[in-house]
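Descriptive structure summary
Residues per chain, in single letters:
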Amino acid sequence: MADNPGVASAVDLFPGTGTESAEAGSTAKKIQGRSPLRLAVERLRRDRASMAALVVILLIVAVAIFAPVFAAITGHGVYQQFRGPQPPVGLTPTGQPVGPSGAFLLGTDDQGRDLLVRIAYGTRISLLVGVVATAITVAIGTVVGLTAGYFGKIADTILARLMDWLLAIPFLLLAISLASVVLVHPIGPLKPGLPIVIFVIGVLGWATIGRVVRGQVLSIREKEYIEAARALGAGPWRIMFIDILPNLLAQLIVYTTLLIPLAIVGEAGLSFLGVGVPPPTADWGEMISTAATLYLYGPWWFLVFPSVALLITTLAFNIFGDGVRDAFDPRADLFV
Amino acid sequence: MSASVAPEPGQSLITDADLADEILIRVDNLVKYFPVRGGGLVSRTVAHVKAVDGVSLEVRRGHTLGLVGETGCGKSTLARCIAGLIPATSGKVTFEGQDITNLPRRKMQPFRREIQMIFQDPYGSLNPRRRVGSIIGDPFAIHKIAKGDDRKRRVQHLMELVGLNPEHYNRFPAEFSGGQRQRIGVARALAFRPKLVICDEPVSALDVSIQAQILNLLADLQSELGLTYIFIAHDLSVVRHVINSVAVMYLGKVVEQAPVDQLWAHPRHPYTDALLSAVPIPDVERANRRDRIILVGDVPSPINPPAGCRFHPRCPKAQQACVDEVPDLSSRVGNDPGHLAACHFPVQDGEDISKFTSALGSDQRVVETGLMSGS
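Residues numbered from 1 in each chain as written. Chains lettered and ligands numbered in written order. Predicted model: local features only at pLDDT ≥ 70, side-chain atom pairs only at ≥ 80, totals over all residues.

Another point: the overall build of chain A. A count of helices and strands for chain A gives 14 helices and 0 strands. When the elements of chain A are put in sequence order from the N terminus, they spell out α-α-α-α-α-α-α-α-α-α-α-α-α-α. Counted over contacts in chain A with a minimum sequence separation of 6, partners at least 24 positions apart contribute 66%. (Helix = DSSP H or I, 4+ residues; strand = E, 2+ residues; numbered from the N terminus. Contact = placed C-beta atoms within 7 Å.)

If you want it as structure tokens, here you go:
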């Protein structure tokens with residue numbers, strides 16, 4: 001949008017408004033309408049729980065970015081195994097992980113690696129999958145939903161059936177089988193590891209959001225302002241992305257913030273089942289999976305700390321997502 | 001059945017005689033049927049809603065044609081067909097001598113600048129998520145006419161033209177009242193300086209006090225910019241002063257067409273007569289004195305309209321001929337070529353049709369409604 005000082009000069013072009021134009025520059029600031037988005041952000045800023053969750057999220061992001069700093073400070077590499085005999089020793093004489101101590105703040109894992117450093121590095125995988133997979137989900141879901149809803153007819157029939165089909169197959173079943181196939185036969189750029197996890201979560205999960213968008217578009221496209229846009233000569237793509245999409249923005253933002261924790265848990269779940277990010281990459285799901293087999297023999301820290309990391313991350317995103325949803329609800333003001 | 005809408009003497013808004021005589025838009029036998037699809041797996045078309053069924057009109061440059069009729073008579077559908085928003089089933093729309101019926105979008109683009117629409121609902125016709133400046137600037141953006149500061153300047157000029165504060169450029173539609181919103185809609189429609197503006201009940205959603213403001217604005221803009229209007233209304237009294245001639249629609253057909261004062265004084269079609277008798281009079285004494293014409297029954301379904309004259313099941317003057325023969329739109333009384341009515345037994349001057357009773361038996365007056373009846 002053009003800047004406000006321009007207002008005064010534009011008004012000067014019309015005679016008869018000269019007296020008002022002098023004040024225009026000073027009043028222009030107040031006349032700026034507050035967008036629904038800005039109103040929502042203002043509501044969100046007043047919500048303490050969301051703001052606390054946002055601080056936690058920012059801390060988690062900081063941990064992911066500065067994971068090498070953890071390695072540098074402790075002097076323990078992410079793949080470094082401390083099997084002894086020279087200190088620090090990360091494995092007991094019987095080959096078991098050692099508990100939290102001055103040398104290993106959160107203890108070690110079954111390979112004698114520093115758990116703190118590995119959890120810090122695991123944050124990277126979780127956030128990367130959470131953000132990238134969600135972005136793919138939202139992008140595909142939005143475009144498909146807009147196309148199906150706006151064009152209707154045959155496009156809608158095909159796309160809506162595709163969404164039904166995707167929703168009908170249990171996600172985990174499809175994800176595991178796809179990931180297992182790729183382990184043996186890589187499909188193009190889809191190799192075992194991070195790409196397949198992001199693909200599986202991102203590409204198989206868009207149907208829910210596609211459905212929501214389609215439903216909204218079906219009602220919005222009947223609005224008179226869409227007809228007005230067509231009367232002006234706007235094409236379908238302009239109507240879809242300039243007239244309809246802004247009306248979906250609030251819902252998309254809410255869904256996005258709530259999808260991120262789902263994607264993070266999904267990734268951890270796939271890794272837990274052994275079809276996610278392969279070892280030795282530091283990954284929370286893989287850690288929890290390995291720790292679960294050793295838990296009986298005593299190393300509780302190996303199970304607890306990665307689980308707590310996963311819990312805090314998903315909880316922070318969920319609380320923040322709830323806050324965003326409330327902030328975008330126009331009725332929310334009534335209860336403040 | 002195509003008929004010229006005679007310009008009223010002494011009321012021509014454009015001085016140039018050649019221009020004033022020119023027919024800007026002509027509609028020939030326009031038909032719009034909406035398919036009704038049955039349920040089941042493979043949906044078949046089981047019937048058609050005959051929304052517009054053979055309408056012919058002409059509007060001269062600089063004139064205003066009023067299109068009146070009750071809800072569901074097809075006036076909005078007709079407007080959308082003329083504006084090219086929905087494809088016509090058959091018939092022809094000619095704008096400045098060029099056939100614009102069912103043009104593909106790209107070929108329609110140049111005509112979009114000439115034909116614009118003002119919508120009924122000032123709340124529904126503005127995108128709530130976009131700023132007013134961006135809404136009014138839409139025409140410039142879509143047709144890539146102006147950008148940046150130039151667009152902004154033009155938008156603010158338009159806002160001033162319709163009586164809005166150009167400083168409110170950055171506001172959202174929700175920050176305006178109904179009347180102001182309708183002004184925004186008018187500004188958007190006028191961005192291209194169109195030749196024809198189709199107003200789809202532009203004031204029916206507004207307060208009575210605001211209605212006059214918008215009507216005056218539209219009338220001022222017409223004389224200032226030389227606009228031609230097709231003005232849709234369901235209340236003739238509201239638009240009486242801004243229109244030159246009227247076409248009355250009933251069940252997808254034009255039943256009467258005349259200069260507005262002529263129609264007001266001497267309605268020829270019984271339906272028009274009934275419609276005019278329903279116009280509210282803001283005077284209890286006079287309102288109580290007059291005889292209102294109460295029509296029997298409901299409007300029949302446009303899926304299965306009555307045979308012959310579509311108005312016959314409700315018409316107090318109906319005879320057997322009304323069932324057997326479709327009356328054409330022609331000059332009926334006094335051989336006035338400007339006053340057309342589609343009625344076998346037109347209302348004579350001073351005749352009170354509320355005193356009549358239909359000559360048809362009650363079995364013939366049963367109005368068939370419902371989706372599948374009679375098929």
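Continuing now.
B:Ile82, B:Ile198, B:Ile230, B:Phe231 and B:Val248 are the most contacted members of the largest nonpolar core, which has 172 residues in total. When sequence neighbours within four positions are dropped, the list of residues in contact with B:Ile82 reads B:Ile25, B:Val27, B:Val93, B:Ile198 and B:Ile230. (Core = buried A, V, L, I, M, F, W, Y, C linked by C-beta atoms within 7 Å. Buried ≥ 20, exposed ≤ 12 C-beta atoms within 10 Å, placed from the backbone.)

Another aspect to go through is unusual backbone geometry. Notably, A:Lys153 is not glycine yet its phi reads approximately 50°, a positive angle. The topology assignment puts A:Lys153 in helix H7 (residues 153–168). Judged by C-beta crowding, with 8 C-beta atoms within 10 Å, A:Lys153 ranks as exposed. Backbone geometry places B:Arg193, a non-glycine residue, at a positive phi of 55°. Among the secondary structure elements, B:Arg193 is positioned in the loop between helix H6 (178–190) and strand S7 (196–200). Owing to 11 C-beta atoms within 10 Å, B:Arg193 belongs among the exposed residues under this scheme.

All names here are of chain B. If you walk across this open sheet you meet the 8 strands as S6-S7-S8-S3-S9-S10-S12-S11, and the pairing is mixed. Lying at the two open borders of the sheet, with one neighbouring strand each, are strand S6 (115–118) and strand S11 (330–331). The sheet contact formed by strand S10 (residues 253–259) and strand S12 (residues 340–341) spans 2 bridges and is antiparallel. Each bridged residue has a counterpart across the sheet, and for Gln 257 the counterpart in S12 is Leu 340. (Pairing = 2+ DSSP bridges.)

Before going further, it helps to examine the packing of helix H12 (residues 236–272) of chain A against helix H13 (residues 284–294) of chain A. All names here are of chain A. Between H12 and H13, whose axes approach to 7 Å, the crossing angle comes to 45°. Put simply, H12 runs oblique to H13. With respect to the hand of their crossing, H12 and H13 are arranged in right-handed fashion. Residues Glu 267, Ala 268, Gly 269, Leu 270, Ser 271 and Phe 272 of H12 pack against Trp 284, Gly 285, Glu 286, Ile 288 and Ser 289 of H13. When grouped by side-chain class, the residues that make up the contact of H12 with H13 number 5 nonpolar, 4 polar and 2 charged. (Axes fitted to C-alpha atoms, helices over the stretch in contact; angles between N-to-C directions. Parallel < 35°, antiparallel > 145°, perpendicular 65-115°, else oblique. Left-handed = near helix turned anticlockwise from the far one by under 90°. Nonpolar A, V, L, I, M, F, W, Y, C, P; charged D, E, K, R; others polar.)

Take helix H10 (residues 270–277) of chain B next. All names here are of chain B. When you tally the buried positions in H10, you get 6 out of 8 residues, the bulk of the element. If you check which residues of H10 are buried, you get Pro 270, Tyr 271, Thr 272, Asp 273, Ala 274 and Leu 275. Tucked into the core, H10 has its buried residues touching helix H8 (236–239), strand S9 (245–250), S10 and helix H9 (260–265).

Residues and elements named next belong to chain B. The strand order across the open sheet formed by 4 strands is S2-S1-S4-S5, and the pairing between neighbours is antiparallel. A strand with exactly one partner marks an edge of an open sheet, and here the two such strands are strand S2 (45–60) and strand S5 (98–99). Examined bridge by bridge, strand S4 (residues 90–95) and S5 share 2 bridges and lie antiparallel to one another. What sits directly across from Phe 95, in S5, is Gln 98. Where helix H2 (residues 75–82) meets the sheet, its contacts fall on strand S1 (23–37), S2 and S4, and the angle it forms with S1 comes to roughly 115°.

Turning our attention to the packing of helix H3 (residues 36–45) of chain A against helix H14 (residues 300–328) of chain A. Relative orientation and spacing of two packed helices are given, respectively, by the angle between their axes and the distance between those axes. Residues and elements named next belong to chain A. One can describe the packing of H3 onto H14 by two numbers: an axis separation of 8 Å at closest approach and a directional angle of 130°. Between H3 and H14, the angle falls in the class oblique. Along this stretch, H3 crosses H14, giving a crossing that reads as right-handed. Across from Ala 40, Arg 43 and Leu 44 in H3, the residues of H14 making contact are Gly 323, Val 324, Ala 327 and Phe 328. Partitioning the contact of H3 with H14 into residue classes produces 5 nonpolar, 1 polar and 1 charged.

Quick look at the environment of B:Gly133 now. All names here are of chain B. With respect to the helices and strands, the residue Gly 133 is situated in helix H4 (residues 132–142). Gly 133 sits 109 residues away from Val 242 along the chain, and the two C-alpha atoms are 29 Å apart. For Gly 133, the contacting residues outside a window of four places in its chain are Lys 152, Val 155, Tyr 169 and Asn 170.

A few words now on the pairing of S10(B). All names here are of chain B. With 7 of its 7 residues buried, S10 lies for the most part within the structure. Bridging between S9 and S10 involves 6 bridges; their strand directions are antiparallel. If you follow Met 249 over to S10, its bridge partner there is Val 254. Linkage of S9 to S10, two consecutive antiparallel strands, is achieved through a turn of 2 residues, within which Leu 251 is found at a positive phi near 50°.

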